[in-house]
Amino acid sequence: MNTFPYGMNEDYENINETKKIVSSALFGNRFKVDQTLYEYLIEFLLIFSSEKYDDEDDYKFKFHKIKENEDNRLSYTFEPRMGLRRFIFFDKSKKGGNSKSDECAYNMIRKYLLDNLVDVENKEEYVDYLQDLLHGYAVVIKKRFWGAKALLPICPEFIVCGCDPSKRERKEVDKKYSKIKKEIVKDKEIDTEFHFDKRNFLARGGELYYLHLLQGLQGKPEQCEKLEKLLSYMLNEPCKKLSQIANHIQNVWEEGNGFKKESLKETLKISYIPDDAYVSCEKYSIDELINFLSCQLHPINRIDILAKGVMLQIMRMMACRVANCLETERRPWIVDMNSASDKTIKKIAAESYSNLENDFIDALNKTAKRIEVPYEQYVDEIKKARRDSLDIFRLKGKEMQCIIPNKGSFERFSLSEDVIRFLVLSLIPPKEKMTLKMFLSKLYKHYNMVIGPNEYKMSIKNYDELDSSLANAFNENEFAFQKFLKDTGFLRELSDATSIVVNPYSSIDIGA
């Protein structure tokens, strides 16, 4: 199998011919079920915003440069910002298992900040308020080690890498700190003796999404430049003050200890995707991102909706890859918009979704046979692969409420308000509009979503189990979707027969 980037065959052979990892052989290295919805976006933005190097120069806030027909072993370099993260999360985490050296470091960064304040009354309260302010942007907390929690990625300093404590290394660091009572040992090990490459939570799902876009941007310099500018604007312009605050805290920590930024940086290698896996949907993902990022939205709303939109695109990637593997047409996503009253749509949608899940299992089995998983390991490897593919698809879909119900039978596709917002703003450019029929057709073209009778009739051509006599049942489904669009402010009714879907937001000016 060929890989993208070209020249990653060694990685492919190690993962699939030696380790026999079925999900990585099918989708690329790798999706993992522990990654949260926001962490897909965070990992993607971490790679995009990080330093990259080639023979000519280094650059940030750009996509990697790919050299045609040459080995492209890609990597990215970033700042873990452990001082900032410790300040935000350490005191609000469970103390069991925390390193004594980290407790000492937390107290010292507070001291540095207090010493740095001039003409401020109630300095302790001021630092507490600052900590609470930044912690208010936490989006991934759970029962995790303080360094593995995450912030809403609204500025570069909030885009944090994966981090896990190493018990052995932290014990060695603790030995140095146990003899110190008032002064902290000014040694960079306090920030560097962690695992930044375990991929337990930033589990490469965002990396696969990044490679999917990178592959689609090859030979499209204008689109690449526009997308780079829009992503850079989103991260650097709207939340400059928060960026300055976060930078100040990290700089105070580094200067107080005499750390050099270069000595704290970490570099990670990027793996691969199958070169034919996602080709059919790359153009759609890029066009949708450009449209969405061009909208003048509140920065927090933008990131919140984008996280769900990226996940929806990743679900499409997975469905496209399954169809690609089985050499079939993509199965339609029959969307139930009228779940409270129409049992016919509910039944059709549930049967269609069940068939899609069966396709996932068929693709995993086909892949397991292709990479020759040993007979005695076969059942266990398929279970692992299902957990790191189909379970992700289902669980994230339910989290976004585009797969319902959350518990129980008759699982099927639906659409939540945030997902509809992403779809409207990504399929229609700012301040433009189209008829409802055109919008439904575009949803079908981009996502294979079936909502109205026309799209259902089109989907029948590829799947014999769909019954043409049921097409009329989709009239009510389309009407429910129309009402949902109207309630969310995206629909205008010109007459009884004509409705238009509108993107009401202005366009961001990113310059020439």
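Residues numbered from 1 in each chain as written. Predicted model: local features only at pLDDT ≥ 70, side-chain atom pairs only at ≥ 80, totals over all residues. Heavy atoms only, no water.

Caption draft 1: The overall build of the protein, seen in detail. The number of helices and strands found in the protein is 21 helices and 17 strands. Its C-alpha atoms give the protein a radius of gyration of 25 Å, within 12% of the compact-globule value 24 Å for 512 residues. Projected onto its principal axes, the C-alpha coordinates of the protein cover approximately 80 × 60 × 50 Å. Scored against the burial criterion, the 512 residues of the protein give a buried share of 58%. Sequence-distant contacts in the protein: of pairs separated by 6 or more residues, those separated by 24 or more amount to 76%. Accessible surface, the protein as shown: approximately 23100 Å² in total, 46% of it carbon and sulfur. (Helix = DSSP H or I, 4+ residues; strand = E, 2+ residues; numbered from the N terminus. Rg over C-alpha atoms; globule rule 2.2 N^0.38 Å. Buried < 20%, exposed > 50% of the residue type's maximum accessible area, 1.4 Å probe, protein only. Contact = heavy atoms within 4.5 Å. Areas by Shrake-Rupley, 256 points an atom, 1.4 Å probe, with all protein chains shown as cover.)

Caption draft 2: Structural detail: the packing of helix α6 (residues 123–135) against helix α11 (residues 240–257). Axis separation between α6 and α11 bottoms out at 12 Å; the angle between their running directions is 120°. One way to sum up the angle between α6 and α11 is to call them oblique. In this structure, α6 crosses over α11, and the sense of that crossing is left-handed. Contacts between α6 and α11 involve L130, L133 and L134 on the former and, on the latter, L242, I245 and I249. (Axes fitted to C-alpha atoms, helices over the stretch in contact; angles between N-to-C directions. Parallel < 35°, antiparallel > 145°, perpendicular 65-115°, else oblique. Left-handed = near helix turned anticlockwise from the far one by under 90°.)

Caption draft 3: The arrangement of the sheet that holds strand β14 (residues 433–435) in detail. Here we have three strands laid out as an open sheet, ordered β14-β17-β16, and antiparallel in their pairing. Sheet topology places β14 and β16 (491–493) at the edges, where each strand pairs with a single neighbour. Pairs of neighbouring strands in the sheet enclose a mean axial angle of 30°, with direction left out of account. Alignment of β16 against strand β17 (residues 499–502), held across three bridges, turns out to be antiparallel. Following the sheet pairing, L491 is matched in β17 by V501. Helix α21 (residues 474–487) rests against β16 and β17 of the sheet, and its axis sits at about 110° to β16. (Pairing = 2+ DSSP bridges.)

Caption draft 4: Geometry of helix α1 (residues 9–18). Burial in α1 covers these residues: Y12, I15 and N16. Looking straight down α1, one finds that the buried residues subtend no more than 80° of arc, so they occupy a single side. Facing away from the buried surface of α1 by more than 90 degrees, the exposed residues are E10 and T18. Phi turns positive, to about 55°, at K20, one or two residues after α1. (Arc of directions from axis to C-beta.)

Caption draft 5: Summary view of unusual backbone geometry. With an omega of 0°, the peptide bond between F4 and P5 qualifies as cis. Considering the arrangement of structural elements, one finds P5 in the loop between β1 (3–4) and α1. In this structure, F61 is a non-glycine residue whose phi angle is positive, near 55°. Mapped onto the secondary structure, F61 falls in the loop between β3 (58–59) and β4 (75–78). Residue F61 is classed as buried on the basis of its relative accessible area of 16%. Positive phi, normally seen in glycine, also occurs at D119, with a value near 55°.

Caption draft 6: Quick look at the nonpolar core. The biggest cluster of nonpolar side chains holds 157 residues, and the ones touching the most others in it are F63, F439 and F481. With 15 residues, the top contributor of residues to this core is helix α14 (residues 299–326). F63 has contacts with F44, F48, K52, Y210, L213, L214, L217, C224, L227, E228 and L231, leaving out every residue within four places of it along the chain. One finds A349, Y444, V450 and A473 within the second-largest nonpolar core, a separate group that totals eleven residues. (Core = buried A, V, L, I, M, F, W, Y, C linked by side-chain atoms within 4.5 Å.)

Caption draft 7: Region of interest: the packing of helix α15 (residues 343–370) against helix α17 (residues 390–399). Where α15 contacts α17, the two axes come as close as 10 Å, and the packing angle between them is 150°. If you check the angle between α15 and α17, you find them roughly antiparallel. Within the contact between the two elements, α15 uses Y353, L356, E357, F360 and I361 and α17 uses L390, F393 and R394. Classifying every residue of the contact of α15 with α17 gives six nonpolar, no polar and two charged. (Nonpolar A, V, L, I, M, F, W, Y, C, P; charged D, E, K, R; others polar.)

Caption draft 8: Fine view of the side chain of D359. Looking at where D359 falls in the secondary structure, it is placed in helix α15. What makes D359 buried here is its relative accessible area of 11%. Look past the residues within four positions of D359 in its chain and what remains in contact with it is V322, L326 and R331.

Caption draft 9: Expanded view of the packing of aromatic side chains. Counted under the stated rule, the structure contains 26 aromatic pairs. Ring centres 5.9 Å apart and planes at 85° place the aromatic pair W333 and F393 in the edge-to-face group. Taken together, the positions of W333 in strand β11 (residues 333–334) and F393 in helix α17 put the pair 60 residues apart, joining distant regions of the chain. Of the residues examined, F393 reaches a relative accessible area of 1% and is grouped as buried. (Phe/Tyr/Trp six-rings, centres within 6.5 Å; stacked < 30°, edge-to-face > 60°.)

Caption draft 10: Geometry of the side chain of R86. Along the polypeptide, R86 turns up in helix α4 (residues 82–89). For R86, the residues in contact, after removing those within four places along its chain, are D102, A105, Y106, W146, R170, I190, D191, F194 and W253.

Caption draft 11: Region of the structure containing the pattern of salt bridges. Tallied over the entire structure, the rule returns 34 salt bridges. R386 is paired through a salt bridge with D391; the nearest N and O atoms lie 4.0 Å apart. The partner of E417 in a salt bridge is R421, and the shortest N-O contact between them spans 3.0 Å. Of this pair, E417 and R421 both sit in helix α18 (residues 417–427), four residues apart, which is roughly one turn of the helix. Overlapping salt bridges, with partners in common, bring together E357, R386, D391, R394, K398 and E411 in one network. (Salt bridge = Lys/Arg side-chain N within 4 Å of Asp/Glu carboxyl O.)

Caption draft 12: Up close: the pairing of β17. Taking every second residue as pointing to the same face, both faces of β17 are buried, with S499 and V501 on one and I500 and V502 on the other. Bridge analysis of β14 against β17 gives three bridges, and the strand direction is antiparallel. Its bridge partner lying in β17, K433 is registered against V502.

Caption draft 13: Quick peek at the environment of I460. Structurally, I460 is set in helix α20 (residues 453–460). Sequence spacing of I460 and P332 is 128 residues, and the spatial spacing of their C-alpha atoms is 9.3 Å.

Caption draft 14: Main features of helix α10 (residues 221–236). For α10, built from 16 residues, the straight-helix expectation of 22 Å at 1.5 Å per residue is met to within 8% by its first-to-last C-alpha distance of 22 Å. By the burial criterion, the buried members of α10 are C224, L227, E228, L230, L231, M234 and L235. The buried residues of α10 occupy an angular sector of 165° when projected down its axis, which confines them to one face. Seen from the open side of α10, the exposed residues pointing more than 90 degrees away from its buried face are P221 and E222. Elements that come into contact with the buried residues of α10 comprise α3 (37–49), α13 (279–293) and α14. (Expected span 1.5 Å × (residues − 1).)

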